[in-house]
Amino acid sequence: MAFSIEATDPCKKADLTRLSKILRTREELDAFDVTSEGWQQALQRRYRTHKDMKGILNHVEDVDMAIYHHFDMRVTPYLAQLMDRDDPNCPIRKQYMPFQREVNVRPYEVADSLAEDHDMQDGSSVVHRYPNRALFLVTTSCGTYCRFCTRKRLVSHGESAVNKQQLERGISYLKAHSEIEDCLLSGGDPLLLNDRQLEGILSQIRAGAPHIKFLRIGSRLPAQLPTRITPELCAIIERYEVQMVNVHVNHPKEITPLFAERIKMLRKTGTMIGNQSVLLKGVNDDVATLRDLCMGLVTCGIRPYYCYSCDVAEGNHDYQLTLDRILKLYRALRGFISGPAVPTFVVDGTGGLGKMPIIPEYVRELANGEIWATNFKGKVQRMINLEARTLEQ
Ligand SMILES: *Cc1c(COP(=O)(O)O)cnc(C)c1O
Ligand code: SF4
């Protein structure tokens, strides 16, 4: 089957009609049933500035409109329904509503802290950093923009959209590099592409790069607009044997009945489903929330994969946690909730260092060669069976 690669701005047409489609009053929003129309129609109803939301939320912060030159706002009506009407500290509002402090960039905050631009290959949008795997950015648009996004330098800006030539060069790069066994489609949000565009990319990778054994998609759309998961999308995931879909859920409030239902549909394709969360101050940096999140995910068949410390990006400081806090949160999970519900905590090093696990030291060797272990309850015990002197006897 031959598919051509199309330009990736699925929202352009929608803009013409948006004015009549935004649900401006609480009554209209409450009456809205997201399953009554297609996902692309629902995208046309997205709120685009904080002012658009004043009819449905109270205590909306009056930010300077100039914020949107740096980073756009979009909020799906589905997420608007999940937002607490009165509480500006609602975990959904904290993730998606712009706030004035985000323009106070700290000196250490840089646009491309992970140095991804540096690792982009041959004028494409493929970031090839690790030996056997590559990250392929296939669009710079998302369903809803997260204020803490690590890629806000690219994401949401129409002028930096991934163009057809970059996509074609990306496919060529993947084809030419047989050491790449694992390709991860990311963005932006790959599921914001329509089915034809997505199928175009997947089919070319599958046809031209047989060395890629493991194909993954990272998307936050299932949590921002679960109706994106359709039988048609599932058929594509199955046809091109996408082995893993990583979603991005940060708070148990995002695990709604509709989300769980569509995840169940997606699981029937046989793909693995993982979750990548970001630890965010004021959103999920407390033990009860994280336990509920991780258990809620495994309950719907999603394996918590990574839990990132919030990346350095311009204006992200308000979300960041100290290492000490992150280690305490990890200790409160391991042993206390089901093993498969415990994600790997990671920090993605600035300057392109790559991902590194943040794990408390449960078992350690002292200078004298003794090995001591601390269990999840804090009980300390020597582990003679692991010591060199025991084993060398
Ligand atoms: C995260 C990432 C990957 C995938 O890493 P895994 O640890 O295999 O999930 C690949 N390339 C880049 C550039 C990444 O940032
Ligand atoms: S969905 Fe992902 S890429 Fe898009 S704004 Fe959120 S964090 Fe950034």
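What you see is a predicted model, and the numbers here were worked out from it, not measured in a lab. (Residues numbered from 1 in each chain as written. Chains lettered and ligands numbered in written order. Predicted model: local features only at pLDDT ≥ 70, side-chain atom pairs only at ≥ 80, totals over all residues. Heavy atoms only, no water.)

## Description of the sheet that holds strand β7 (residues 303-309)
The criterion, for reference: Strands are labelled as partners when DSSP assigns at least two bridges between them. What counts as a helix is a DSSP run of H or I of at least four residues, what counts as a strand is a run of E of at least two, and both are numbered from the N terminus. Every axis corresponds to a line fitted to the C-alpha atoms, with the helix fit spanning only the stretch in contact, and the corresponding angles, defined between N-to-C directions, vary from 0 to 180 degrees. Whether two residues touch is decided by their heavy atoms; if any such pair falls within 4.5 Å, the residues are in contact.
Taken in spatial order, the 9 strands line up as β1-β2-β3-β4-β5-β6-β7-β8-β9 in an open sheet, and their pairing is mixed. Two strands in the sheet have a free side with no partner beyond their single neighbour: β1 (126-130) and β9 (354-357). Across the sheet, the axes of successive neighbouring strands diverge by a mean angle of 25°, strand direction being ignored. When β1 meets strand β2 (residues 133-137), the two strands line up antiparallel, connected through 3 bridges. Each bridged residue has a counterpart across the sheet, and for V126 the counterpart in β2 is F136. Against the sheet, helix α8 (residues 195-208) engages β2, β3 (182-186) and β4 (214-218), with an angle of about 170° to β3.

## Digging into the site of ligand 1
Counted only if it meets this: Distances are taken per atom, and a residue is near a molecule or strand as soon as one of its heavy atoms is within 4 Å of it. Each polar contact in these results corresponds to two N or O atoms within 3.5 Å; when the atoms are within protein, one needs to be able to donate a hydrogen and the other to accept it, and residues that are neighboring in sequence are counted only if both atoms are side-chain atoms. Methods summary: accessible areas were calculated by the Shrake-Rupley approach with a probe of 1.4 Å, and residue burial reflects only the protein chains presented. Residues are called lining when one of their atoms sits within 4 Å of a cavity or pocket point, these points coming from a 1 Å grid over the protein atoms alone, where a cavity is a set in which a 1.4 Å probe fits but cannot get out and a pocket is an open set with protein on both sides within 12 Å along at least five of seven lines. More than half of a molecule's atoms within 2 Å of the grid points is what it takes for that molecule to sit in a cavity or pocket.
All residues adjacent to ligand 1 are V127, Y130, R133, L135, L184, R216, Y305, Y306 and K355. In this structure, an oxygen atom belonging to ligand 1 sits 2.5 Å away from a side-chain N or O atom of Y306. Compared with its free state, where it exposes 380 Å², ligand 1 has 91% of that area covered by protein. A majority-of-atoms criterion places ligand 1 in the largest pocket. When residues of the shell around ligand 1 are traced back to their parent elements, those giving at least two are β1, β2 and β7.

## Re the site of ligand 2
Our working rule: Gly falls in the polar group here, along with every residue not listed as nonpolar (Ala, Val, Leu, Ile, Met, Phe, Trp, Tyr, Cys, Pro) or charged (Asp, Glu, Lys, Arg).
As a structural note, the neighbourhood of ligand 2 is formed by C142, Y145, C146, C149, G188 and R220. The site holding ligand 2 turns out to be the largest pocket. Looking at the shell around ligand 2 residue by residue, the class counts come to 4 nonpolar, 1 polar and 1 charged.

## Let's talk about helix α7 (residues 164-176)
Convention followed: A helix's residues, less one, multiplied by 1.5 Å, set its expected span. We call a residue buried when its accessible area falls under 20% of the maximum for its residue type, exposed when it is over 50%, and partly exposed in between, using a 1.4 Å probe and counting protein chains only. Here the arc refers to the directions that run from the helix axis out to each C-beta atom.
When the terminal C-alpha atoms of α7 are compared, their 18 Å separation across 13 residues agrees well with the 18 Å that a helix rising 1.5 Å per residue should span. Residues of α7 that are buried include every one of L167, G170, I171, Y173 and L174, and no others. Mapping the buried residues of α7 onto a view down its axis gives an arc of 160°, with all of them on the same face. On its buried face, α7 is in contact with β1, β2, β3 and α8. With a side-chain oxygen lying 3.2 Å from the backbone nitrogen of Q165, the N-terminal cap of α7 falls on N163.

## Structural notes on the environment of Q121
Looking at where Q121 falls in the secondary structure, it is placed in the loop between α6 (91-96) and β1. Remark: the alpha-carbon pair of Q121 and Y173, spanning 52 residues in sequence, is separated by 7.5 Å. In this structure Q121 touches V126, H128 and Y173, once residues within four positions along its chain are discounted.

## Brief notes about the packing of aromatic side chains
Defined as follows: Stacked, edge-to-face and tilted labels apply to pairs of Phe, Tyr and Trp rings (six-membered ring for Trp) whose centres lie within 6.5 Å, assigned for plane angles under 30 degrees, over 60, and everything in between, in that order. A positively charged side chain is recorded as over a ring if its NZ (Lys) or CZ (Arg) lies within 6 Å of the ring centre. The angle to the ring normal must also be within 35 degrees.
All chains considered together, the criterion is met by 8 aromatic pairs. Judged by centre distance (5.7 Å) and plane angle (55°), the rings of F71 and Y145 are tilted. Residue F71 is found in the loop between α4 (67-70) and α5 (77-82), and its partner Y145 is found in the loop between β2 and α7; the two are separated by 74 residues along the sequence. Accessibility expressed as a relative area gives 2% for F71, which makes it buried. Between the aromatic rings of Y306 and Y308, the centroid separation amounts to 5.5 Å while the plane-to-plane angle is 70°, which identifies the pairing as edge-to-face. The same class applies to Y306 and to Y308, which are both buried. One aromatic cluster is present, formed by F99, F148 and Y319 through successive ring pairs. In this structure, R228 is placed above the aromatic ring of W39, and the distance from its NZ or CZ to the ring centre is 4.0 Å. Stacked on the ring of Y362, the Lys or Arg R331 has its end atom at 5.0 Å from the ring centre.

## Observations concerning the domain arrangement of the protein chain
Accessible area lost during the coming together of the parts is what is often quoted as the interface size. Here is the rule: Note: domain ranges come from an automatic or database domain assignment.
By the assigned domains, the protein chain splits into domain 1 (12-103), domain 2 (117-357) and domain 3 (363-392). Centre-to-centre separation of domain 1 and domain 3, based on C-alpha positions: 54 Å.

## Remarks on the nonpolar core
The criterion, for reference: Nonpolar cores were defined as sets of buried Ala, Val, Leu, Ile, Met, Phe, Trp, Tyr and Cys residues, with membership established by side-chain atoms within 4.5 Å.
By size, the foremost hydrophobic cluster in this structure holds 96 residues, and its most contacted members are Y47, M53, F136, L185, I205 and F345. Both of domain 1 (12-103) and domain 2 (117-357) provide at least three residues apiece to this core. If we ignore the near neighbours within four places in the chain, the residues touching F345 are L279, L290, C307, I326, L329, Y330, L333, M356, P357 and I358.

## Quick word on unusual backbone geometry
Cis geometry is found at the peptide bond from G187 to G188, where omega equals 15°. Note that G188 resides in the loop between β3 and α8. Despite not being glycine, D122 shows a phi value in the positive range, around 50°. Tracing the backbone through its elements, the reader meets D122 in the loop between α6 and β1. Here D122 falls in the exposed class, since its relative accessible area comes to 55%. For E241, which is not a glycine, the phi torsion comes out positive at approximately 45°. Looking at where E241 falls in the secondary structure, it is placed in the loop between α10 (231-239) and β5 (244-247). A residue is classified by how much of its surface remains accessible, and E241, at 54% relative accessible area, is exposed.

## Topic: the pairing of strand β8 (residues 344-349)
Where we set the bar: The handedness of a crossover follows from its direction of travel: if, with the strands pointing away from the viewer, the path from the first strand over the helix to the second runs clockwise, the crossover is right-handed.
Bridging between β7 and β8 involves 3 bridges; their strand directions are parallel. What sits directly across from Y308, in β8, is V346. Crossover handedness for the path β7 to helix α13 (residues 323-333) to β8: right-handed. The sheet contact formed by β8 and β9 spans 4 bridges and is antiparallel. Looking across to β9, one finds that G349 is bridged to G354. Where β8 hands over to β9, the hairpin turn is made up of 4 residues, of which G351 adopts a positive phi near 80°.

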